[in-house]
Each structure stands twice: as structure tokens, then as C-alpha cells.
Amino acid sequence: LAWAVAVGGVASPRLFAAVERHLVGEMMAGYNPQKVSSIVCSFAQAGHDAPQLFEMVQEVLVERAMSGFNPANTASVAWAFAARGHDTEEVLSVVEERVWQQGLVGFGEVHLVLL
């Protein structure tokens with residue numbers, strides 16, 4: 001839902017606030033890397049500042065060292081946090097470490113542009 005609204009360019013602060021409350025309340029339990037990257041990209045693309053959500057995602061990413069993130073997920077998370085413009089240093093350090101460990105195998109042009 002958040003992705004569709006963000007891509008559609010619809011300004012919906014109430015919707016994003018409700019989604020943020022829901023996700024933070026559930027602590028995104030069981031969310032796989034694809035879902036995590038889609039969520040943060042949706043919020044970043046919509047320009048909705050969701051500090052609690054991004055802080056929680058940052059903690060999860062750092063704790064898990066982005067385990068299970070493929071090149072697309074990694075690039076999307078990097079873009080989303082960079083697009084927010086603040087509180088990104090720790091996440092981008094984890095992204096850098098993940099890329100260093102994986103190498104650039106599997107990263108296509110679009111992934112490299114997002115990084």
C-alpha cells in the first residue's frame with residue numbers, strides 16, 4: 001500500500017503515519033529483506049519523515065549486518081537512507097561492509113547507480 005501511494009505521487013501523510021505506527025508496533029517481526037527495502041524506499045520516495053521507523057530499521061540492519069540482503073535490497077536500502085539526508089552514517093557503513101563482503105557480483109547498473 002505504501003509503495004503504491006509513493007509511486008503514484010499521492011501525498012498521504014495520514015496513511016504513512018498509520019503505516020509507520022503499525023510497523024513500529026509490530027517491530028516488523030518476520031519481515032524479509034525485500035519487504036524491509038520496499039518499506040523504507042516507499043517512505044523515502046514519498047518524502048515522509050518516519051524517524052521511529054527508520055531508527056528501528058537501522059537497528060535491525062546493523063544487528064543483522066544486512067544478512068540475506070541481495071544486491072537489489074542492499075542498493076534500495078542505501079538509497080532510501082541517503083534520500084532521507086540524516087542519520088545515515090551507521091547504515092551506510094553496514095551497506096559498505098555488505099558490499100565489501102559480497103563483492104559487486106550481482107550488482108547491475110541500476111544497483112550501482114543507487115549505491
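The rules we used
Residues numbered from 1 in each chain as written. Predicted model: local features only at pLDDT ≥ 70, side-chain atom pairs only at ≥ 80, totals over all residues. Heavy atoms only, no water. Salt bridge = Lys/Arg side-chain N within 4 Å of Asp/Glu carboxyl O. Helix = DSSP H or I, 4+ residues; strand = E, 2+ residues; numbered from the N terminus. Buried < 20%, exposed > 50% of the residue type's maximum accessible area, 1.4 Å probe, protein only. Core = buried A, V, L, I, M, F, W, Y, C linked by side-chain atoms within 4.5 Å. Contact = heavy atoms within 4.5 Å. Axes fitted to C-alpha atoms, helices over the stretch in contact; angles between N-to-C directions. Parallel < 35°, antiparallel > 145°, perpendicular 65-115°, else oblique. Left-handed = near helix turned anticlockwise from the far one by under 90°. Nonpolar A, V, L, I, M, F, W, Y, C, P; charged D, E, K, R; others polar. Patch = residues over 30% accessible without salt bridge, like charges linked within 9 Å, V, L, I, M, F, W, Y side chains within 5 Å. Areas by Shrake-Rupley, 256 points an atom, 1.4 Å probe, with all protein chains shown as cover. Lys, Arg positive; Asp, Glu negative; His and termini not counted. Charge placed at Lys NZ, Arg CZ, Asp CG, Glu CD. 1 Å grid on protein atoms, 1.4 Å probe; cavity = no way out; pocket = protein on both sides within 12 Å on 5 of 7 lines; lining within 4 Å. Points joined across faces, edges and corners; volume = space filled by probe spheres on them.

## Details of the pattern of salt bridges
Across all of its chains, the model carries 1 salt bridge by this definition. Taking the shortest distance from any N to any O, the salt bridge between D49 and R84 comes out at 3.3 Å. Here D49, found in the loop between α3 (33-46) and α4 (51-64), pairs with R84, found in helix α5 (residues 71-84); they are 35 residues apart in sequence, far enough to count as distant. Relative accessible area serves as the criterion here: at 46%, D49 is assigned to the partly exposed category.

## Describing the nonpolar core
In this structure, M28, F43, L53 and L61 are the most contacted members of the largest nonpolar core, which totals 28 residues. At the level of secondary structure, the elements contributing two or more residues to this core comprise α2 (13-26), α3, α4, α5 and α6 (89-102). If we ignore the near neighbours within four places in the chain, the residues touching L61 are V36, M66, F69, V77, F81, V91 and V94.

## Looking at the packing of α3 against α5
The interhelical angle for the contact between α3 and α5, taken along N-to-C directions, is 30 degrees, at an axis separation of 8 Å. Considering their axes alone, α3 and α5 lie roughly parallel with respect to each other. Considering the relative orientation of α3 and α5, their crossing is left-handed. Judged by residue contacts, P33, Q34, S37, V40, C41, A44 and Q45 of α3 engage N73, S76, V77, W79, A80, F81 and A83 from α5. Here the contact of α3 with α5 is built from residues that sort into 9 nonpolar, 5 polar and no charged.

## Observations regarding the environment of T74
By the secondary structure assignment, T74 is in helix α5. A C-alpha to C-alpha distance of 6.6 Å links T74 and V95, two positions 21 residues apart in sequence.

## Here's the deal with a negative patch on the surface
A surface patch of negative charge is lined by E55, E59, E63, E89 and E90. Those elements giving two or more residues to the negative patch turn out to be α4 and α6. Top element by residues in the negative patch is α4. It accounts for 3 residues. Relative to the assigned elements, E55 resides in helix α4.

## Things to note about empty space enclosed by the protein
Summed over all chains, the structure comprises 1 cavity of 30 Å³ or more. Here the largest cavity is characterised by a volume of approximately 90 Å³. Lining the largest cavity are M28, Y31, N32, P33, V36, M56, V57, V60, L61, R64 and F69. For the lining of the largest cavity, the secondary structure elements donating two or more residues are α3 and α4. Sort the elements by how many residues they give to the lining of the largest cavity and α4 lands first, with 5 residues. Class assignment of the residues belonging to the lining of the largest cavity gives a composition of 9 nonpolar, 1 polar and 1 charged.

Spatial relationships are all this shows, so hold off on functional conclusions.
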